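Read off the chains here:
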Amino acid sequence: MDDSINAANEAITELMSSGQPVLVDVVRARDVIDVLAGDSKVLLHAGPPITFDEMTPPMQGSCIGAVLFEGWAQNEQEARQLLAHDVTFTPCHHHGAVGPMGGITSPNMAVIVVENRLRGNRAYCTMNEGIGKVLRFGAYDASVIARLEWMRDILGPSLAQAVRLTPDGYALTPLIARAITMGDEFHQRNIAASALFAKDMGPLLARTDIDRSVVADVLQFLADTDQFFLNLAMAACKSIMDAARTIEEGSIVTAMTRNGKDFAIRVSGLGDEWFTAPVNTPKGLYFTGYSQDEACPDMGDSSITETFGLGGMSMIAAPGVTRFVGAGGFSDALATSDEMDEIVVGHNANLSIPTWDFQGAPLGIDIRKVVATSITPIINTGIASLEPGVGQIGAGTVRAPLACFVKALEALAVKYGVTSTDD
Amino acid sequence: MLTTAIKPNTYQDSVSLMLLSQQLSALPGVNKVSVMMGTPANKDILRATGFDSPELASAQPGDLVLGVDVEDGTDVAYVVTQAEEALKNQASRSASSGLRTARSLARALKIAPSANLALVSIPGQYVADEVAGLLDRDLNVMIFSDNVSIEDELQLKRTAHERGLLLMGPDCGTASIHGVPLAFANAVSGGNIGIVGASGTGVQEVMAQIDQLGGGVSNAIGLGGRDLGADIGGIMCLQALATLENDPTTSTIVIISKPPAPAVRKRVESYAQRLTKPVVAVFLGEKPDVATNGNLVYAYTLADAAARAVELAGRGRPAFGPTQRWIKALYTGGTLANEAAMLIRDQLGVIDSDPAHAQGYVLRSGGHEIIDLGDDAYTQGRPHPMIDPTARAERLPAVFDDEGTAVVLLDIVIGFGAADDPAGALVPAIEEGLERAAQAGRQVVVVASVCGTSRDFQGYADQVAKLRDAHVTVLPNNAAAVRHALALLATSSRPSTAGETEPTPPRIAQLLEDGPTVLNIGLRSFAETLATAGVATVQYDWAPVAGGDSRLAGLLRALDNA
C-alpha cells in the first residue's frame, strides 16, 4: 500500500486513540463561538450547509424554537418570516461545534466546552434536554423554551461552577473507557456514562455555594436524563477528530454528519471539503401509534460518535440496545461490530470492549475499505417524527450512503495523482 | 375498548417493550397495544397516541403500563397474560450456528489464522485475482467455480505447484480431505483408498460404490475437468498422485478422468508405474485394451473402478517374509473354489500342475493351493463342511504353520442348510493361527468373502463382523477376495521405491494430516454444512471489489500501490 497514505492513517489513528478530551466549562454559545458573538442573527445547524426551506419540518421547528428563545420574534409566524429572510445558517462543524438531531444552536444557548489536551483545541455542544418535547426533535412550545432558559441560567452555570472545582477540568476519556465496559456505546445508550457523570457531579455541586434547592434541581435533572452524556461524548469526539484533522493526508473519515437532506463526510486527506449524498431514513422500532411512514430522514451531528468508533460501530459493547438492529440479539450485535471491523484500520486500545473479547473499539474508518467492500458505517440514532413538536417516535439504525464515500475516493485519487488502469 | 393495565414495580428496558408492543398489537381482536414504563415522558407519549386514562395518571416511573385498545369481545386479561408470557420468554429467537463471518480476506484470516484450505465459489471472472491472493497466503485452494479461462487455470496451477500447494479445480465439484467432505460429497466410510479425480460426480460415484462394497476412502483430491488436457498437462494430477503415494493412510489410488491428452496420459501412466501403491485408472469414454499394465489396473466403468480399488486395498503394504509366496485356499463351495482357480490362473498365467484334481485340489501350482473341502474325498462318513465347519477348522493350523503361506483364502457360505455360525466356528483357529505365525515372525493375511444375504438367518453383517474382529479382510464377493489376495502378493513383491517420490510439500502434508480448517469464500451453504459437521470453518461473504465497478477497483489498486 502507498506508504504516505498508510503512514498518514496511522498517525491519524494514533491521534484519535491518544485524544484527551476534558470538560472545562459550560458557557453561552456566543462566548466561545465567534460567528454567534456579533449582532447579526446566526443559527448553527447539524450537517453540511443547508437553507431554511430545505430543512426537514423538525429542524425548521427547532429553528422556530431558537428564534423564540432568543427573543428575535414573538410568535411562530414572525419566526418563520424571520428565518426565511433574515437569519444566516451555518453548520456547527464549521465552528468547532456539534449538535444533536437538528443541531440548532443559537447565541444564548448553554454549551459545554471540551478541550482536547493532546492539541489544546476545543469543541462545543449544547446539553441534552431529556426526552419528550425537546428542541432537537423540533418542538418549540413554551415548556421547551422554558427548559432552554433554565439550562442557560441554572444548569449551565451550576455545572460550570462544579467543573471549576476540579483541579484541571473533568477528564472524559477515563469515564468513556469505564462506561464502555458497562454497556454503553455512547449513541443509543449512555446510561452508564450519565450515571457516572452524575455521581461525580454530586459532591462537586454540594461543595459550591449554590442554593440547596438549585443543586437538588440540577441533580434531579442529571438523574432523570439517561442520555445526558451523549452530548458530552459528541463534544469529546469532535475535539478528538478535529485534532486528528490536522494531519491533512490519508484516507480516514474525520467527520460524518447529516442535515435531513444530505449525509456528508470529511476525509483526512481532503481537508474541509464535504462529500455528500442523499440521506437514508432510519429503520428501527417505533412507539405504538407511530410508523416508518412518519419517520424524519436522518439528521444530526451525533454520528461524530461513529466517526470516532463508538455508536453503531461499537454495537457489541451495548447488548442492551442491540435489538434495535434486529431480533437476533447478541449475535446480531457481534455481527454488526465484526462487519464494521472490515472498514477500519485498527482498534482503540484505550477503549477495550469486554463483550468483544476485550478487543478495542473500531478505530479509523478508511474510505478505501468502505468503497472496496461496499460496507458503509452503521449509525445508531433516535428517530424524529416528520411532524415538528411530536418529538422522538422511535429509535433504530441508519446506514451512511455509499455514494459520498465514492465521491471522496475519486477526489483522493486526484489528490494523489493516480488513475484507474481499468478506465 | 380502551383499558390501561398497570403492573407495579416491573422494570423492562424500552427496547423489550417496543418489541412487545409490536407483538401484542398483532394479536387477533386487538387494535393496538402500547407498553411503556410509567415515566412522565412516556406518559406524554401514551397520551399523545390515544391511551390517556385515569389509571395512566397514577402510574409511577417504576410501573409497567399497558395501554390496551381491543375490539369488543376481546378479553383484556388475555392480552395482559400474553404480555407476561412474552416477557418471560425473551431469549433470542435463533441459536447461532457459531459460523463466524467476514467480509474481507484479511478479516477472515484474522478469525481463522490456521486456515489451510480455501473453498472458492464466486463468479468465474473474479476467480483468478482472488485465488492468486489465496495462494500468496499459502492456502491450498479448491475452486468450485467454473468459467475460469484455461490461461488463468494454467497460471494458478503453476503458481500453486511452485509454492507447494494443492489447487483443486476450477470446476471441482467434489473432494474429501481427511474424511471431511467438501462441496458436493457423500458421507462415506473412512478407509485407505485415495482418489484423484477430474470429475465431480465420477468421484462421488466411486466413493459411494467403495462405501457400499465395504471399503473406505482416505482422501479424494479433485483436479477440475481440464487438468489432464494438453494445456494444463496434468500438473495437479501428478501432485495429487505424489501426495497420495506419501500419504500413510492411503494404500490404493484411483484416477478418474476423461481420456487424457496422449502426451499427458504417457506422463501420468509412467508416473503411476513408479508408485509403490497400486493405481486403478478409469478413463471414461474408452474401453481398456488390457486389464492391467504393471502397477496400473484399468477399469471401464466407475463401479468397476470402485470394485477394483476395494479388491486392491489391503491394510497397507503386507510385510511378507521371503518364504511367503503362496495363496492357500480352503473352500467349502466347489464352484467358488473353481472360480478362484480360474482367476489365479488367468492373472498369474500359471499352469495347473495337478490337472487330475485328486483329493479335492482344484489348483496346485507352485505353492498355490486351492482345496475344495466339499469334494467326495472329504465327505465320506462326514457331513459336508458347509454343515459341519469343524472339518475346515481342523485343517487351518497346518496352513498357518506352512512357511510358504502368505494369504489364507476362505469362503463362508451361509443360508438354509448351512451351519448356524460358520464364521464363528473358524474364528478360534484363525486367531490361534495368526498368533502362532506371528510368533514365528510371519505376517499371514486371511482374506474371505461371505456368500449370503442380510435375510439369511445367520445374518450377513453378523458373520462379516465376526471375521473382521478376527483380523480377516472381508471382500464383497469371492472374485473380489481372490483378486485382493493376488494384489497382496503383487504389492508385496514389487520393489519398494519409498523415498524416490518427492516429499509432499509441508502445506499439503499438513492439510492431509491435520484435516482442513476451511475458509469458505462464496456459497454460504458449504460453510454451514462444514460448521454443522464440526469442521473449523470461517465464512467469507465475498463481494466484488467496489461492487464490481472495475474503474473504482482500478482506483483502489492505484491508491494501494502508488
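S.K.: Please explain the overall build of chain A as it appears in this structure.
M.R.: When its secondary structure is counted, chain A shows 13 helices and 16 strands. Against the compact-globule benchmark of 22 Å for 423 residues, chain A has a radius of gyration of 20 Å, which places it among compact chains. By principal-axis analysis of the C-alpha atoms, chain A measures approximately 65 × 45 × 45 Å. Buried residues in chain A amount to 65% of all 423 residues. As displayed, chain A has an accessible area near 14000 Å², and 50% of this comes from carbon and sulfur atoms.

S.K.: What exactly am I supposed to notice about the interface of chain A and chain B here?
M.R.: A common way to express how large an interface is: the accessible area buried when the components associate. In this assembly, 46 residues from chain A lie in contact with 43 residues from chain B. Counting the surface lost from both chain A and chain B, the interface buries some 3700 Å², and carbon and sulfur atoms represent 58% of this. Considering only the surface of chain A that becomes buried against chain B, Thr288(A), Arg323(A) and Glu342(A) emerge as the three largest contributors, covering 18% of it. Taken together, the connections running from chain A to chain B amount to 8 salt bridges. Across the salt bridge formed by Asp338(A) and Arg107(B), the nearest N and O atoms sit 3.0 Å from each other. Connecting chain A to chain B are 14 residue pairs in polar contact (both at pLDDT 80 or more).

S.K.: Mind showing me how you'd approach helix α18 (residues 506-514) of chain B here?
M.R.: Residues lying three or four places apart along an α-helix face the same way, a consequence of the helix completing one turn every 3.6 residues. Residues and elements named next belong to chain B. The complete set of buried residues in α18 reads Ile508, Leu511 and Leu512. Take α18 and look down its axis: the buried residues cluster within an arc of 90 degrees, on one side only. Within α18, the exposed residues directed more than 90 degrees away from the buried face are Pro506, Glu513 and Asp514. Of the surrounding elements, those touching the buried residues of α18 are β5 (117-121), β6 (140-143), β8 (174-177), β11 (217-222) and α9 (235-246). One or two residues past the end of α18 sits Gly515, with phi positive at roughly 85 degrees.

S.K.: I'm lost on the domain arrangement of chain B in this one. Help?
M.R.: Along its sequence, chain B is carved into domain 1 (2-88), domain 2 (116-312) and domain 3 (332-493). Computed over C-alpha atoms, the centres of domain 1 of chain B and domain 3 of chain B are 83 Å apart.

S.K.: Looking at this structure, I do not really get the nonpolar core. What am I missing?
M.R.: One recurring pattern in soluble globular proteins: nonpolar side chains tend to sit buried together. Within the largest apolar cluster, 73 residues are counted, with the highest numbers of intra-cluster contacts made by Val131(B), Leu134(B) and Leu519(B). Among the elements that make up this core, the one with the highest residue count is α9(B) (8 residues). Excluding residues that lie within four positions of it along the chain, Val131(B) makes contacts with Val120(B), Val141(B), Ile143(B), Leu156(B) and Leu167(B). Counting 66 residues, the second largest nonpolar core, distinct from the first, contains Leu204(A), Val218(A), Cys237(A) and Ile240(A).

S.K.: When you look at helix α19 (residues 524-532) of chain B in this model, what are you seeing that I'm missing?
M.R.: Residue and element names in this part refer to chain B. Along α19, the residues that are buried comprise Phe526, Ala527 and Leu530. Summarising the axial view, the buried residues of α19 lie within an arc of 95 degrees, below the 170-degree limit, and thus occupy one face. Looking at α19, the residues exposed on the side facing more than 90 degrees away from the buried face are Thr529 and Thr532. The secondary structure elements touched by the buried residues of α19 are β5, β9 (180-183), β22 (518-522) and β23 (537-540). Once α19 finishes, Gly534 follows within two positions and takes phi at roughly 85 degrees, a positive value.

S.K.: Sorry, what's going on with the sheet that holds strand β9 (residues 262-267) of chain A here?
M.R.: Pairing between the strands of a sheet is mediated by backbone hydrogen bonds and can be parallel or antiparallel. Residues and elements named next belong to chain A. Taken together, the 4 strands give an open sheet; going across it, the order is β10-β9-β8-β12, and neighbouring strands pair in antiparallel fashion. The open sheet is flanked by β10 (275-278) and β12 (299-300), the only strands paired with a single partner. Examined bridge by bridge, β9 and β10 share 4 bridges and lie antiparallel to one another. Bridging from a neighbouring strand, Ile265 pairs with Phe275 of β10. The strands that helix α13 (residues 402-415) touches are β8 (253-259), β9 and β10; relative to β10, the one it contacts most, it runs at about 155 degrees.

S.K.: Help me understand the packing of helix α5 (residues 142-164) of chain A against helix α7 (residues 191-207) of chain A, please; the structure alone is not making it clear to me.
M.R.: Each pair of packed helices can be described by the angle between their axes along with the distance between the axes. Residue and element names in this part refer to chain A. At their nearest, the axes of α5 and α7 sit 8 Å apart, and the two run at 90 degrees to each other. One element, α5, and the other, α7, form an angle in the roughly perpendicular class. Side by side, α5 and α7 meet where Ser158, Leu159 and Ala162 of the first sit next to Met201, Leu204 and Leu205 of the second.

S.K.: Honestly, the packing of aromatic side chains in this entry has me stumped. Any pointers?
M.R.: Two numbers describe a pair of aromatic rings. These are the distance of the centres and the angle of the planes. Using the criterion set out here, one finds 10 aromatic pairs over all chains in the structure. The interplanar angle of 75 degrees and the centroid separation of 5.1 Å between the aromatic rings of Phe144(B) and Phe526(B) together place this pair among those described as edge-to-face. One end of the pair, Phe144(B), is in the loop between β6 and α7 (150-163); the other, Phe526(B), is in helix α19, with 382 residues separating them in the sequence. Here Phe144(B) and Phe526(B) have matching classes, each one buried. Aromatic rings pair up to connect Trp150(A), Tyr170(A), Phe197(A), Phe221(A) and Phe228(A) into one cluster.

S.K.: Explanation requested: the pairing of strand β20 (residues 445-451) of chain B in the structure shown.
M.R.: For a regular strand, side-chain orientation follows a simple rule: the groups alternate between the two sheet faces. Residue and element names in this part refer to chain B. Among the 7 residues that make up β20, 6 are buried, leaving the element largely enclosed by the rest of the structure. The sheet contact formed by strand β19 (residues 405-413) and β20 spans 7 bridges and is parallel. Opposite Ile412, over in β20, you have Val450 as the bridge partner. This β-α-β element, β19 to helix α15 (residues 422-439) to β20, shows right-handed connectivity. Where β20 and strand β21 (residues 472-475) come together, 4 bridges link them in parallel fashion. Note on β21: the bridge partner recorded for Ala448 is Val474. Traced from β20 through helix α16 (residues 460-469) to β21, the parallel crossover comes out right-handed.

S.K.: I keep staring at the packing of helix α6 (residues 127-136) of chain B against α7(B) and nothing clicks. Help me out?
M.R.: All names here are of chain B. Across the interface, α6 lies against α7 with an axial gap of 10 Å and an inter-helix angle of 5 degrees. Compared by their axis directions, α6 and α7 come out roughly parallel. From α6, Ala128, Val131, Ala132, Leu135 and Asp136 reach across to α7, where they touch Asp152, Leu156, Thr159, Ala160 and Arg163. Tallied by class, the residues present in the contact of α6 with α7 amount to 6 nonpolar, 1 polar and 3 charged.

S.K.: Help me out: how do you make sense of the sheet that holds strand β1 (residues 21-28) of chain A in this one?
M.R.: Residue and element names in this part refer to chain A. Strand order in the open sheet made by the 5 strands is β4-β6-β5-β1-β7, with mixed pairing throughout. Of all the strands in the sheet, the pair left with one neighbour each is β4 (97-98) and β7 (170-171). Judged from the 6 bridges that link them, strand β5 (residues 110-116) and strand β6 (residues 121-126) form a sheet pairing that is antiparallel. The partner of Asn116 across the bridge, within β6, is Asn121.

Scoring rules and cut-offs
Residues numbered from 1 in each chain as written. Chains lettered and ligands numbered in written order. Predicted model: local features only at pLDDT ≥ 70, side-chain atom pairs only at ≥ 80, totals over all residues. Heavy atoms only, no water. Helix = DSSP H or I, 4+ residues; strand = E, 2+ residues; numbered from the N terminus. Rg over C-alpha atoms; globule rule 2.2 N^0.38 Å. Buried < 20%, exposed > 50% of the residue type's maximum accessible area, 1.4 Å probe, protein only. Areas by Shrake-Rupley, 256 points an atom, 1.4 Å probe, with all protein chains shown as cover. Contact = heavy atoms within 4.5 Å. Buried area = accessible area lost by both parts, 1.4 Å probe. Salt bridge = Lys/Arg side-chain N within 4 Å of Asp/Glu carboxyl O. Polar contact = N/O pair within 3.5 Å; in protein donor to acceptor, adjacent residues only side chain to side chain. Arc of directions from axis to C-beta. Domains from an automatic or database assignment. Core = buried A, V, L, I, M, F, W, Y, C linked by side-chain atoms within 4.5 Å. Pairing = 2+ DSSP bridges. Axes fitted to C-alpha atoms, helices over the stretch in contact; angles between N-to-C directions. Parallel < 35°, antiparallel > 145°, perpendicular 65-115°, else oblique. Phe/Tyr/Trp six-rings, centres within 6.5 Å; stacked < 30°, edge-to-face > 60°. Right-handed = clockwise from strand over helix to strand, strands pointing away. Nonpolar A, V, L, I, M, F, W, Y, C, P; charged D, E, K, R; others polar.

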